[in-house]
Each structure stands twice: as C-alpha cells, then as structure tokens.
Amino acid sequence: MELISEGADRISAMKNREVERQMNIQRKQESKKSISAANEQLDFFEKTFNEKISFIEAMLKKSQTLSKNELPEHFNIISKEILVVQKYVAASNLFLCNYYLQKCQSTLQALSIRAKELENNLLPKKKFGFKNKIKLKDEEKSQGVDLVDFSNKPQNGSLSSSKVHDNNIECGFYDSANKVLSLCPDQVAKKDVSLEKLSNCTVYLKGFPSTLHLNNLDNCRIFSGPVSTSIFAENCNNSTLVIACQQLRLHSSQNIEIYLHVTSRAIMEDCSKVAVAPYNWRYENIDQHFLDAGLDKQVNNWRCIDDFNWLNAERHSPNWREMEQEKRVIDWNQ
C-alpha cells in the first residue's frame, strides 16, 4: 500500500510540475505578445509624430516663398497643425513613458516658438506701449476692472528687466497691487502672456494663450482659459491658480491651491503645501476656446504630478495633496 501511495504522490507531483511548466510558458507568451503590441503601438506613434513634425517644418520653410496676403492663412494652418499634434501626444500619454512624453512636448514647444518668431518676422505686428488708462466697458467699470497691457518695448515698469520676458512676451500685467485685472479673448489669443510681480490681485484671462508665465505672485487669484502649450509658474505664494494647459511646470512656490486641467503631467520642484483640484472655471465661449487651444476637455490628469524633490515611487510626495472636497470652491461667480 505504501508503494502505491508513494507512486501516486510522484505522479501527482509530476502533473503539478507539468501544469506549472505550461502556465510559465503561457505567461511568457502573453508577456511577449504584450511587449510586441506595446512596441507596435510606440512604433506607430513615433512614425505618425515624425511625419506630422516633418510636414509642419516643410510648411515653415514654405513661408519664405509666400506673399504677405497668403501668410496670415498659412500661419493659421501651421498653428492648427501644431495643435493637432499636441492633442495627439496628449491622447497617447497612457502608453508613452514620461521621458518620451517630455521629449515630444519639448519638440512641439520649440516648433511653436519657431513658428511664432517666423510669423513675427514676416508679419510684424504693430507695437503698443504700456497703458495706464484704457476705455472700459460699462460692466467692467462697475466692477472696478483695471485693464493694463504692455509690449516688448522697454519702458517704465516694462517687462524687459525680467528673465521671463526673453521669449517674446506679448501681453500681460506687471508690478501691480490690490487690483482686479482682465484681458479679453482678442488680447490673449495665441499669445505669450506674462503675469509678474503682482500682490493681492485677481486676474482674469478669458481666451486661449499660447503660453502663460507666472512669476513673483503673492496672495493672488489667477483665472485663465485654456493655454495651448505650457504654463511656467515660479515664486508663486499664498495664491489660487485656476488654470488649464497642456503642461504645467511649477517651481519654488508654497501654499497655493491649483484648480487644474492638464493633458500631460504636471511637474513641480522646490514646492510645498500645494493642494490640487479639477479645473472648474466657466465663462462664455470657454468650450470653443478649449477647441481652439487643442486641449481635450475629456483628458484631465490633474492628479498626475511629478515632484522632482520626491523620488520615492512607493510613497506619495508630502509636498502636494488632493484638495479636500468640502474645501473646494464650486462656483467662482458667487
């Protein structure tokens, strides 16, 4: 009987080993298929991305050969093509690694700057100086809204003294305190906007800027429509940012609340006491502005924040948190 029992045990063990062997083979096959599918997906993305970039670069070269009458529509097409690629990259972020995603975004950022510089050279816009008084609409007067804008031309309180103005900043607000400031869609559309050295201010940017620079803000509330590329924020303290963009870079900022819509991943460095919640500002034509900016309203990675000061992947960074539901502002018009 013992011999029979030992024989049965050996047969059972052999069967178990065979089952484990077959399962290992199946797992390896599935893993190979998964890797192969991922590689095929990445290869297709890379091919499509490079083709679109090559097409845009060819369009930029063609700009030199066109008449001034043809250039406005030509640059409008280039702008739309860049937005299409930005949207394609944002939609592909689920399978792109962070390094490759940032590389694509950097390529697009450089291409956007080239297109803007070329457009400015071939179709120079009329410069406008720093204005302390601008005629307001009746409703803006009743709200005490102050509209101020500036150009690149160095003047008193101009932008030329600041490092964030090296990239052809076209409009914004500089060195103000205790004011309500506003720019309308026509003033910010596809432009590089800067808000710098503001304290105790509320700023409304209704439109779709190309980029937004925030620097040296204290105790401010910033409301921005969708920004088609990046928002660069530095030295922003004790403030609330209600912002939408493709990419957010936040540096050296403390004690801020961010109501965020971002289609890639936000990056922060040397920051603390940051609370985030989903973007919830509403104003007339904002849905169209999202389309014009090339941002997908259905793709919001407001929880995806890379803290460069926190490299422990297994534990959440102590420098930022999701804002408690009961502390979130529901309606900004109240």
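Values in this document were obtained by computation on a predicted structure and should not be read as measured data.

Participant: Quick one: what's the story with the overall build of the protein, residue by residue and with numbers?
Facilitator: Across its full length, the protein holds six helices and 13 strands. The buried share among the 334 residues of the protein stands at 43%. Long-range pairs, those at least 24 residues apart, make up 42% of the contacts in the protein between residues at least 6 apart in sequence.

Participant: I'd like to hear about the nonpolar core, residue by residue, with values.
Facilitator: Counting residues in each nonpolar core, the largest one holds 37 residues, and the members touching the most others are Leu195, Leu198, Leu205, Leu214, Ile258 and Val274. What Ile258 contacts, discounting residues up to four positions off in sequence, is Leu241, Ile243, Leu248, Leu250, Val274, Ala275, Val276, Ala277 and Met323.

Participant: Mind laying out empty space enclosed by the protein, listing which residues take part and the relevant values?
Facilitator: This model, assessed by the stated rule, comprises two cavities of 30 Å³ or more. Here the largest cavity defines a volume of roughly 50 Å³. Forming the walls of the largest cavity are Leu248, Leu250, Ile258, Leu260, Ala266, Ile267, Met268, Val274, Val276 and Ile305. Going through the elements one at a time, strand S8 (240-251), strand S9 (254-262), strand S10 (266-269) and strand S11 (272-278) are the ones with two or more residues in the lining of the largest cavity. If you tally residues by element for the lining of the largest cavity, the top one is S10, at three residues. In this structure, the second largest cavity encloses a volume near 30 Å³. Around the second largest cavity, the lining residues are Gln86, Gln105, Leu108, Gln109, Thr229, Ser230, Gln246 and Gln247. At the level of elements, helix H3 (98-122), strand S7 (221-237) and S8 are the ones that each hand at least two residues to the lining of the second largest cavity. Broken down by element, the residue count for the lining of the second largest cavity peaks at three residues, all from H3. The class makeup of the residues in the lining of the second largest cavity is one nonpolar, seven polar and no charged.

Participant: Help me get a handle on the state of the cysteines, residues and values and all.
Facilitator: Counting across every chain of the model gives zero disulfides. Unpaired in this structure, Cys220 has its nearest cysteine sulfur neighbour in Cys201, at a distance of 5.0 Å.

Participant: Go over the side chain of Ser112 with me, naming the residues and quoting the values.
Facilitator: Within the secondary structure layout, Ser112 lies in helix H3. If we skip the residues at most four places from it in the chain, Ser112 touches Ile82, Gln86 and Thr229.

Participant: I'd like to hear about unusual backbone geometry, residue by residue, with values.
Facilitator: The backbone of Asn178 sits at a positive phi, close to 55°, despite the residue not being glycine. Mapping Asn178 onto the fold places it in the loop between strand S2 (171-177) and strand S3 (180-183). Overall, Asn178 belongs to the exposed group, its relative accessible area being 60%. In this structure, Lys190 is a non-glycine residue whose phi angle is positive, near 60°.

Criteria and cut-off values
Residues numbered from 1 in each chain as written. Predicted model: local features only at pLDDT ≥ 70, side-chain atom pairs only at ≥ 80, totals over all residues. Heavy atoms only, no water. Helix = DSSP H or I, 4+ residues; strand = E, 2+ residues; numbered from the N terminus. Buried < 20%, exposed > 50% of the residue type's maximum accessible area, 1.4 Å probe, protein only. Contact = heavy atoms within 4.5 Å. Core = buried A, V, L, I, M, F, W, Y, C linked by side-chain atoms within 4.5 Å. 1 Å grid on protein atoms, 1.4 Å probe; cavity = no way out; pocket = protein on both sides within 12 Å on 5 of 7 lines; lining within 4 Å. Points joined across faces, edges and corners; volume = space filled by probe spheres on them. Nonpolar A, V, L, I, M, F, W, Y, C, P; charged D, E, K, R; others polar. Disulfide = S-S within 2.5 Å.

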